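So you can see what is in the structure, the chains are spelled out below.
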Amino acid sequence: MGQRWSPGSMRGVAVRLRFSPSPTGYFHVGGARTALYNWLEARRQGGTFILRIEDTDTERNRPEWVDGIQSAMRWLGLDWDEGPYFQSLRAHLYEAAAAKLMVGGQAYWCDCTREVVLERTRGNAIPGYDGFCRDRDLEPGAGRALRFRVPEEGSTTVVDIIRGRPTFENATIEDFVIVRSNGTSLFVLANVVDDVDMGVTHVIRAEEHLPTTPKYLLLHGALAGGVDLPVFAHVPVLVDERRKKLSKRTHRVALEDYREQGVLPEAMRNYLVLLGWAPGGDREVLTLSEMVEEFRLEDVNSSPAFFDERKLLHFNGEYIRALDPDAFVARSAPFLEQGGWAPDDFDPAAFATLAPLVQERVKTLGEVPAMVDFLFQAEAPIEAKAWEKRVVRGASAREILAAAVDVYGSVEWDAATLHESTADLGDKLGLTLGKAQFPIRVAITGRDVGPPLFESLVVLGRERSIRRLRTALERLDAAGPPASPDRPAG
RNA sequence: GCCCCCAUCGUCUAGAGGCCUAGGACACCACCCUUUCAAGGUGGCGACACGGGUUCGAAUCCCGUUGGGGGUGCCA
């Protein structure tokens, strides 16, 4: 008790956290989780959440990625109090810092190309640049990069809320480049300068940054005397099924993909927060305010987590089912445009009637159109596999369809009556209701799975339903007698 | 190679020396319910990587081994 570091103990100190993505690709789930953890910690402590775009590498940045990051964060509900700041607009600060280091002798110019360095250091015990230009007193000039002079003695210790105190021997750290030969600053410099300038108190970032943290610390010491150093928290990376770091290149990880698939942001948020952290008790589903209240950085796990799409989808199903029926209808709207019917043929009232039955059957909103498209298309959208299995080869399919045309023509058009008469119809053929339903379901909806049949019939209407049953009969007859599965023809 | 990090069911995790016969969730299997499919209910399968310590007592603390991961760019 009281042994653990607790942010709550820093009462009165306004915390400032930043999420600082690099716009070099689609915003992905790992970045989203890091952003979420930053946001939660900032909100829990009543601090400030800053968005900073780290676009110092002009070769790899694209403006549309910046928009993607912002819209994804808004979608997830991660609002920021300051920013977005752009490092590309703050170059003067980095230049000033570089000049200060140069004047103080903590940085020096180097004209070694990558090839030359590689050649000269091959076989060295300590990898990386060997400090060749340390004492050459080179002037700035074309093709020359600025390197930081790393102390040869001593060690640098990172104080990390999640990982304790990893320590690095300075001798194993090379004199790293802080300003490119084209005059632009690198991430490692800009990152420290901005954190100092913005008064960042907590750096929550992915574990892959841990090995560069001693460079951060050294730079911070040279620039700001190590005063008001932020505390670090390096969260574990997200991995794939082979336990490799999730990458934008090889995995489907873009948040936008999940959004388009019909994953709810609240489900994504909830799933993401559990990748490395768990609330007390045997709970997993929690509201945003519960997360804000209960999240503790010091309780974040230190081992990598596998991003399990199946569990995400399970959560999404739970969140969808928990929606008010009205909300479900409203949130399905954007997805209903992909249903394959003419916009004018969509009937909102018909959809609203069937919606509650659809709601409890889907795991994503993207599945909604396929559940109701039979209502808005002129003909039943017949699925070849279902037709073959349930009608062509289905037990007594022809008799069922013919009997349905007959019976449905005269009964009361409500679900209870249709249920009853279809059961009777099945009885006469010695079939359970489940079996008797299949040919009718395929004739009406085109598929052998979907919302409950009798409710679907009611919404479709008597006339259209009977027409579809007749169409199915014609189609069946046109195909001729089915080949016997036992005795192949020929 | 060198530096650093990590290690509980297949997966995400609970676990702060005795509450552990190691709990929950996803997935999977069986059964129940049932208007197809879902959902729901009940049950099942299933883990402390290994070896040494410390201790009356270790999943938990220490050391080592093994395994995995990250970094090793004039990327972030």
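Anything mentioned here points back to the structure above.
Everything in this summary refers to the structure shown in the same document. (Residues numbered from 1 in each chain as written. Chains lettered and ligands numbered in written order. Predicted model: local features only at pLDDT ≥ 70, side-chain atom pairs only at ≥ 80, totals over all residues. Heavy atoms only, no water.)

Quantified by volume, the largest pocket comes out at close to 1300 Å³. Residue lining of the largest pocket: 42 residues in total, with S22, T24, E208, H209 and K248 positioned closest to the centre. Here the lining of the largest pocket takes five residues from helix α1 (residues 29-44), the largest share from any one element. Of the residues assigned to the lining of the largest pocket, the class counts are 16 nonpolar, 14 polar and twelve charged. Taken as a whole, the second largest pocket spans an internal volume of roughly 430 Å³. Forming the walls of the second largest pocket are 22 residues, and the residues nearest its centre are T113, R114, V117, R147 and V177. Those elements that place two or more of their residues in the lining of the second largest pocket are α4 (114-121) and β5 (145-148). At four residues, α4 tops the list of elements feeding residues into the lining of the second largest pocket. For the lining of the second largest pocket, the class distribution of residues is ten nonpolar, six polar and six charged. (1 Å grid on protein atoms, 1.4 Å probe; cavity = no way out; pocket = protein on both sides within 12 Å on 5 of 7 lines; lining within 4 Å. Points joined across faces, edges and corners; volume = space filled by probe spheres on them. Helix = DSSP H or I, 4+ residues; strand = E, 2+ residues; numbered from the N terminus. Nonpolar A, V, L, I, M, F, W, Y, C, P; charged D, E, K, R; others polar.)

A word on the packing of aromatic side chains. The relative placement of two aromatic rings is captured by the distance of their centres and the angle of their planes. One pass over the full model with this rule turns up 14 aromatic pairs. With a centroid separation of 4.9 Å and 45° between ring planes, the pair formed by Y37 and F295 is classed as tilted. Linking Y37 in helix α1 with F295 in the loop between α9 (288-294) and β12 (305-306), this pair joins segments that are 258 residues apart in sequence. Its relative accessible area of 0% is what places Y37 among the buried residues. In this structure F295 comes out as buried when scored by relative accessible area, which is 0%. Taking 5.9 Å as the distance between ring centres and 10° as the angle between the ring planes, the aromatic pair formed by W341 and F346 counts as stacked. Through a chain of ring-to-ring contacts, the aromatic side chains of Y258, Y271, F307 and F315 assemble into a single cluster. Taking the ring centre of F132 as reference, the NZ or CZ of R120 above it sits at 3.9 Å. (Phe/Tyr/Trp six-rings, centres within 6.5 Å; stacked < 30°, edge-to-face > 60°. Buried < 20%, exposed > 50% of the residue type's maximum accessible area, 1.4 Å probe, protein only. Lys NZ or Arg CZ within 6 Å of the ring centre and 35° of its normal.)

A few words now on the environment of L476. In this structure, L476 sits in helix α19 (residues 462-478). L476 has contacts with W387, V391, V392 and R398, leaving out every residue within four places of it along the chain. (Contact = heavy atoms within 4.5 Å.)

A few words on the packing of helix α3 (residues 91-103) against helix α6 (residues 213-224). Here α3 crosses α6 at 80°, and the two axes come no closer than 10 Å. Viewed along their axes, α3 and α6 adopt a mutual orientation that is roughly perpendicular. On α6, the residues touching A97, K100 and L101 of α3 are L219, A222 and L223. Broken down by class, the residue content of the contact of α3 with α6 amounts to five nonpolar, no polar and one charged. (Axes fitted to C-alpha atoms, helices over the stretch in contact; angles between N-to-C directions. Parallel < 35°, antiparallel > 145°, perpendicular 65-115°, else oblique.)

This part is about the pattern of salt bridges. One pass over the structure, following the stated rule, counts 31 salt bridges. Salt-bridge contacts for R393 lead to E388; the nearest nitrogen and oxygen are separated by 3.5 Å. Classification of E388 as partly exposed rests on a relative accessible area of 35%. Connected through salt bridges with shared partners, the residues R18, R52, E54, R90, D194, D195 and D197 form a single ionic network. (Salt bridge = Lys/Arg side-chain N within 4 Å of Asp/Glu carboxyl O.)

Let us now look at the nonpolar core. Core analysis: the largest hydrophobic core is formed by 102 residues, its most contacted members being V29, M73, M268, F307, F328, V372 and Y408. Counting residues per element, this core draws most heavily on α1, at eight residues. With near-sequence residues (within four places) excluded, M268 lies in contact with V29, W75, L76, L255, Y258, V263 and L312. Core analysis: the next-biggest nonpolar cluster, separate from the first, contains 38 residues, A107, Y129, V188 and L218 among them. (Core = buried A, V, L, I, M, F, W, Y, C linked by side-chain atoms within 4.5 Å.)

The periodicity of an α-helix, 3.6 residues per turn, causes residues three or four places apart in sequence to face the same way. With twelve residues, helix α15 (residues 397-408) should cover 16 Å at 1.5 Å per step; its first-to-last C-alpha distance of 16 Å lies within 8% of that length. In this structure, the buried side of α15 is in contact with α14 (384-392), α16 (415-428), α17 (433-445), α18 (453-460) and α19. (Expected span 1.5 Å × (residues − 1).)

Both faces of strand β1 (residues 16-19) are covered, namely the face carrying R16 and R18 and the face carrying L17 and F19. Across four bridges, β1 lies against strand β2 (residues 48-53) in parallel orientation. Opposite L17, over in β2, you have F49 as the bridge partner. As for the winding sense of the linkage, the β-α-β connection from β1 through α1 to β2 is right-handed. (Pairing = 2+ DSSP bridges. Right-handed = clockwise from strand over helix to strand, strands pointing away.)

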